[in-house]
Amino acid sequence: MARSQQGDKQAYTQLLTSLQSILQEYLYKRIFDPSSVDDVLQNILIAVDKAKATYTPSKPFYPWLYAIAQYKVIDYIRQQERKIAKETEFEPISETFCAPETNKETEEAFELIHLALEKLPEKKRNIVTLLKIEGYSIEEVAEKTGISIANVKVTAHRAYKDMRLTIEKLDKKYD
Amino acid sequence: MNNKDLIKNLTDNLEPTQKLPSALFLSLKWLSITVLCLFVFAVIAGLRKDIDMMAYNHYFIFETLLGLIASLIAGYLSFCFMRPDFKLTNISYVLACASIGIWLYLISYYLIEIDFNLSLIAKEFINIEQLCSIEVFAFSIIPITYLFSILQKGAVIQKMKAGFLGVLSVASLSSITSRYTCSSDMPSHILAQHFLEVFIIGFIGILLAKKILKW
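This section reports on the structure supplied with the text. Predicted model, so just to flag it, every value in this text is computed and none were measured. Within each chain, residues carry numbers counting from 1 in the order of the written sequence. Key to labels: chains lettered from A, ligands numbered from 1, both in the order written. Local features in this predicted model are restricted to residues whose pLDDT is 70 or higher, and side-chain atom pairs enter the listing and the counts only when it is 80 or higher, whereas totals over whole chains, interfaces and linings include all residues. Side-chain numbers come from the whole structure's heavy atoms, not from hydrogens or water.

## Some points on a negative patch on the surface
Residue and element names in this part refer to chain A.
- Taken together, the side chains of Glu105, Glu107, Glu108, Glu111, Glu168 and Asp171 present a region of like negative charge at the surface.
- Labels follow the DSSP assignment, with helices taken as runs of H or I lasting at least four residues and strands as runs of E lasting at least two, numbered in each case from the N terminus. When residues of the negative patch are traced back to their parent elements, those giving at least two are helix 6 (100-118) and helix 9 (149-174).
- In this fold, glutamate 111 is placed in helix 6.
- For every residue, the accessible area (1.4 Å probe, protein chains only) is compared with the maximum for its type, and the residue is labelled buried under 20%, exposed over 50%, or partly exposed between those bounds. Residue glutamate 111 is classed as partly exposed on the basis of its relative accessible area, which comes to 47%. Think of a patch as exposed residues, more than 30% relative accessible area, with no salt bridge, where like charges cluster within 9 Å and nonpolar side chains (Val, Leu, Ile, Met, Phe, Trp, Tyr) cluster within 5 Å. Every accessible area reported is derived by Shrake-Rupley at a probe size of 1.4 Å, with residue values counting cover from the shown protein chains alone. In what follows, salt bridge is the name for a side-chain nitrogen of Lys or Arg lying within 4 Å of a carboxyl oxygen of Asp or Glu. Think of it this way: Lys and Arg go in the positive column, Asp and Glu in the negative one, and His and the chain ends go nowhere. Think of each charge as sitting on NZ of Lys, CZ of Arg, CG of Asp or CD of Glu.

Structure follows, in structure tokens:
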């Protein structure tokens, strides 16, 4: 370390390389998640680099190193705790979606839409299917069907209107 | 980035590092600049009219000396924390307690003087005519900034202790300086407007240190 402080690059590379195994051993005993060990190790190496001016060559090196390592490990643990505290508990969405009443309503809505779609003339049905079910853009539908963009927009608009009327009629019938 | 690349990056940017001076050298350097700065502030704010009389007041001089000693000890200890391997030994614990103890002694001396009449202190706190506490805070701003700029050069691990002691050191000097600019010697005024601020500023120092000394 003393040589590194004088700018000896070779000594510094040797030092940091040898520190890797020492620190890995130290970290595996303290960090339960093995995938985080490398991240913390890199943080320690960066911290060692930042703090190298604070090392006194006349004093032992390891207490200095382990003080930094311990600081970074505590930092990591605190970060993890904060992350866990910030995470909101997973809401049991399945309960909402799988609730029998909701499912029943959704099924009924799908059925109505399907019936309304079937009742449309072929041209209109084709355009609605391409736009809303297959997810094509207006430009792409125009290109596929060979109709102008304006015509696609008008046809789609009329198709939605027809479908709305059909759904309303069917809804009244079911009620 | 893997470890090899990181080491290569760190090594490629390596330049000779200037070693951190000793804590004693840093604290003396900091103290001399701070004392000079506070002297200028006191002159700008206006020294009390009976300053020549106060030179013969033994307790006033004793108070000043105690404040200086507390400041020097607290400052020295806070600079010691710049080294990551620094640990509070028995001696340093005694020193830290001594600097805090000096202020507890000064506060309790005036508390006895007013017979622990806390309502007097409360009245002085809201005495708008003589708000010396603002002066104490104002005097502390530049020295605290300078202190943290030095502390940031180190690798402080025990941030709260370093921050509290460092800022206590600044507040001690500011509080003592403000006694040279304020003409009131009423114990309740000294307590409420000069001495209690030392600990208030000290606790602010803890919060500042937690934010500023991250590395």
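Moving on from the coordinates now.
## A look at the interface of chain B and chain A
- Taken together, the contact between chain B and chain A spans 26 residues of the former and 34 residues of the latter.
- Summed over both partners, the accessible surface that disappears when two parts come together, traced with a 1.4 Å probe, is what is meant by buried area. Here chain B packs against chain A, burying approximately 2,500 Å² in sum over the two surfaces, 64% of which is carbon and sulfur.
- Remark: the boundary between chain B and chain A carries 0 salt bridges.
- Under this definition, polar contacts are N or O atom pairs within 3.5 Å; protein pairs additionally need one hydrogen-donor-capable and one acceptor-capable atom, and for neighbouring residues in sequence, both atoms have to be side-chain atoms. For the pair chain B and chain A, the number of links is 9 residue pairs in polar contact (both at pLDDT 80 or more).
- Element by element, the count of residues in the side of chain B that touches chain A is highest for helix 1 (residues 3-12) of chain B, at 6 residues.
- For the side of chain B that touches chain A, the residue count by class is 13 nonpolar, 6 polar and 7 charged. Between two residues, a contact is recorded if the distance between any of their heavy atoms is within 4.5 Å. Nonpolar residues are Ala, Val, Leu, Ile, Met, Phe, Trp, Tyr, Cys and Pro. Charged residues are Asp, Glu, Lys and Arg, and all others, Gly as well, are polar.

## Structural notes on a positive patch on the surface
- Taken together, the side chains of Arg78, Arg82 and Lys86 of chain A together with Lys210, Lys211 and Lys214 of chain B define a basic patch exposed on the protein surface.
- Contributions of two or more residues to the positive patch are made by helix 4 (61-86) of chain A together with helix 9 (187-212) of chain B.
- For the positive patch, the element with the most residues is helix 4 of chain A, which contributes 3 residues.
- Of note, lysine 214 of chain B is situated in the segment after helix 9.
- In this structure lysine 214 of chain B comes out as exposed when scored by relative accessible area, which is 61%.

## Examining the environment of threonine 155 of chain A
Residues and elements named next belong to chain A.
- Mapped onto the elements, threonine 155 comes out in helix 9.
- Look at threonine 155 and you get buried, because its relative accessible area is 7%.
- Residues threonine 155 and glutamate 118, spaced 37 residues apart in sequence, show a C-alpha to C-alpha distance of 16 Å.
- In this structure, threonine 155 is in contact with Lys123, Lys124 and Ile127, ignoring residues within four places of it in sequence.

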